[in-house]
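# A look at the structure
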Amino acid sequence: MSLRGYVPGFDLLTNYKSKWLPKDIVAGLVLSALLVPQGMAYAELAGLPAVTGLYTSIMCLIGYAVFGPSKVLVLGPDSSLGPMIAATIVPLAGANGDPSRAIALASMLALLTGAIMVAAGALKLGFVADLLSKPTILGYMNGLALTIIVGQLPKLFGFSVDADGFIGELTGFVAGLTGGEVVPAAAAVGLLSLLLIVVLQRVMPKVPAVLVAVILAILATIALDLGAMGVKLVGTLPQGLPSLTIPIVQWSDMGLLVAGALGIALVALTDTISTATSFAERRGEEVDGDKEM
């Protein structure tokens, strides 16, 4: 049985040119370096232990390289899905719940989302992504951006806020800011990193600004012992890869997990379709929505 048409990555490998390899190696090294902090940050944004973001990065990259129809799109932990995952699993696991339960819930959520995607792709429902209007997508993305920014501002300044919802988190941040809870060293690292990223992206757009900021932040943490100054560090992560298990969740949890999986599947499809299509148009290619699913 031929793999052509079923596994897009197979066609790409059979037509791969050796002259592409040096640039692909450089791109792979840069992307891997970026995925380490990004994966950990988005995992925590989703209410999960930081190391789960690294595990997710591996499987996403391999899966899309084999089955994804776009030649240039790369999948990994995503900022737009982090809050949706958190909104689904946090009410079930509890704000300060057992991390292993949160991982089990997120794992089942991932499996349900994958099953929905595969089923929808098999039923030729890729056109669903085209039914979402551009104003709806823009409104969602901007609203999500504001929610993420407000949720992460306290961490940027070195303190935490115990509140729910956009208004509650914004009020808590302002109260912490005016109440003297700011950790100067943490604020300096965060703000200087943001400034460096913005400047490099404008002045030297071809330089991976995020990677440079991460490396300099690591060096500053070591040289200045920022941990002793109140800057919270990720700490030692578990070594090696996790063992593959079947996530055990309660049947009472399945209703919220299925609802969350449906929403995540729709948003993920819209995100990937819009990105893949924009790249394909520049290259004179087409992206099949059903294969994308």
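Rules behind the numbers
- Residues numbered from 1 in each chain as written.
- Predicted model: local features only at pLDDT ≥ 70, side-chain atom pairs only at ≥ 80, totals over all residues.
- Heavy atoms only, no water.
- Core = buried A, V, L, I, M, F, W, Y, C linked by side-chain atoms within 4.5 Å.
- Buried < 20%, exposed > 50% of the residue type's maximum accessible area, 1.4 Å probe, protein only.
- Contact = heavy atoms within 4.5 Å.
- Helix = DSSP H or I, 4+ residues; strand = E, 2+ residues; numbered from the N terminus.
- 1 Å grid on protein atoms, 1.4 Å probe; cavity = no way out; pocket = protein on both sides within 12 Å on 5 of 7 lines; lining within 4 Å.
- Points joined across faces, edges and corners; volume = space filled by probe spheres on them.
- Nonpolar A, V, L, I, M, F, W, Y, C, P; charged D, E, K, R; others polar.
- Patch = residues over 30% accessible without salt bridge, like charges linked within 9 Å, V, L, I, M, F, W, Y side chains within 5 Å.
- Areas by Shrake-Rupley, 256 points an atom, 1.4 Å probe, with all protein chains shown as cover.
- Salt bridge = Lys/Arg side-chain N within 4 Å of Asp/Glu carboxyl O.
- pLDDT = per-residue confidence, 0-100.
- Phe/Tyr/Trp six-rings, centres within 6.5 Å; stacked < 30°, edge-to-face > 60°.

Leu-105, Val-249 and Leu-257 are the most contacted members of the largest nonpolar core, which totals 27 residues. Other than its neighbours up to four places away in sequence, Leu-105 contacts Ile-89, Leu-92, Ala-93, Val-249, Asp-253 and Leu-257. Within the second largest apolar cluster, five residues are counted, among which are Val-183, Ala-185, Ala-186 and Val-231.

Let us look at the side chain of Ser-193. Tracing the sequence through the fold places Ser-193 in helix α8 (residues 184-203). Ser-193 sits in the buried class, given a relative accessible area of 18%. Dropping the residues within four chain positions of it, Ser-193 is found in contact with Ala-213 and Ala-217.

Before going further, it helps to examine empty space enclosed by the protein. As enumerated under the stated definition, the model contains one cavity of 30 Å³ or more in all. Volume-wise, the largest cavity comes out at about 30 Å³. Together, Ser-70, Lys-71, Val-72, Ala-276, Phe-279, Ala-280, Arg-283, Glu-285 and Val-287 line the largest cavity. Here the lining of the largest cavity is composed, by residue class, of five nonpolar, one polar and three charged.

For the rest of this paragraph, the subject is a nonpolar patch on the surface. Taken together, the side chains of Ile-58, Met-59, Ile-62, Val-66, Phe-67 and Leu-241 define a hydrophobic patch exposed on the protein surface, amounting to about 610 Å² of accessible area. You can see Ile-62 is positioned in helix α3 (residues 51-67). By relative accessible area, which is 49% here, Ile-62 ends up partly exposed.

Of the residues in the protein, 92% reach a pLDDT of 70 or more, and the chain-wide mean stands at 82. Taking the mean pLDDT of every element in the protein, the minimum, 69, falls on helix α1 (residues 8-14) and the maximum, 92, on α8.

This part covers the packing of aromatic side chains. On inspection of all chains with the given rule, the structure shows three aromatic pairs. Ring plane angle 50 degrees and centroid distance 5.6 Å describe the contact between Phe-157 and Phe-173, whose orientation is recorded as tilted. Within this pair, whereas Phe-157 is found in the loop between α6 (134-156) and α7 (165-178), its partner Phe-173 is found in helix α7, the two being separated by 16 residues in sequence. We classify Phe-157 as buried; its relative accessible area is 15%. Among the residues examined, Phe-173 registers a relative accessible area of 8% and is labelled buried. Following the ring pairs from residue to residue traces out a cluster consisting of Phe-157, Phe-159 and Phe-173.

What follows deals with the side chain of Thr-113. Mapped onto the secondary structure, Thr-113 falls in helix α5 (residues 99-122). Taking the relative accessible area as the measure of exposure, Thr-113 reaches 11% and is therefore buried. Contact partners of Thr-113, with chain neighbours within four places excluded, come to Ala-261, Ile-264 and Ala-265.

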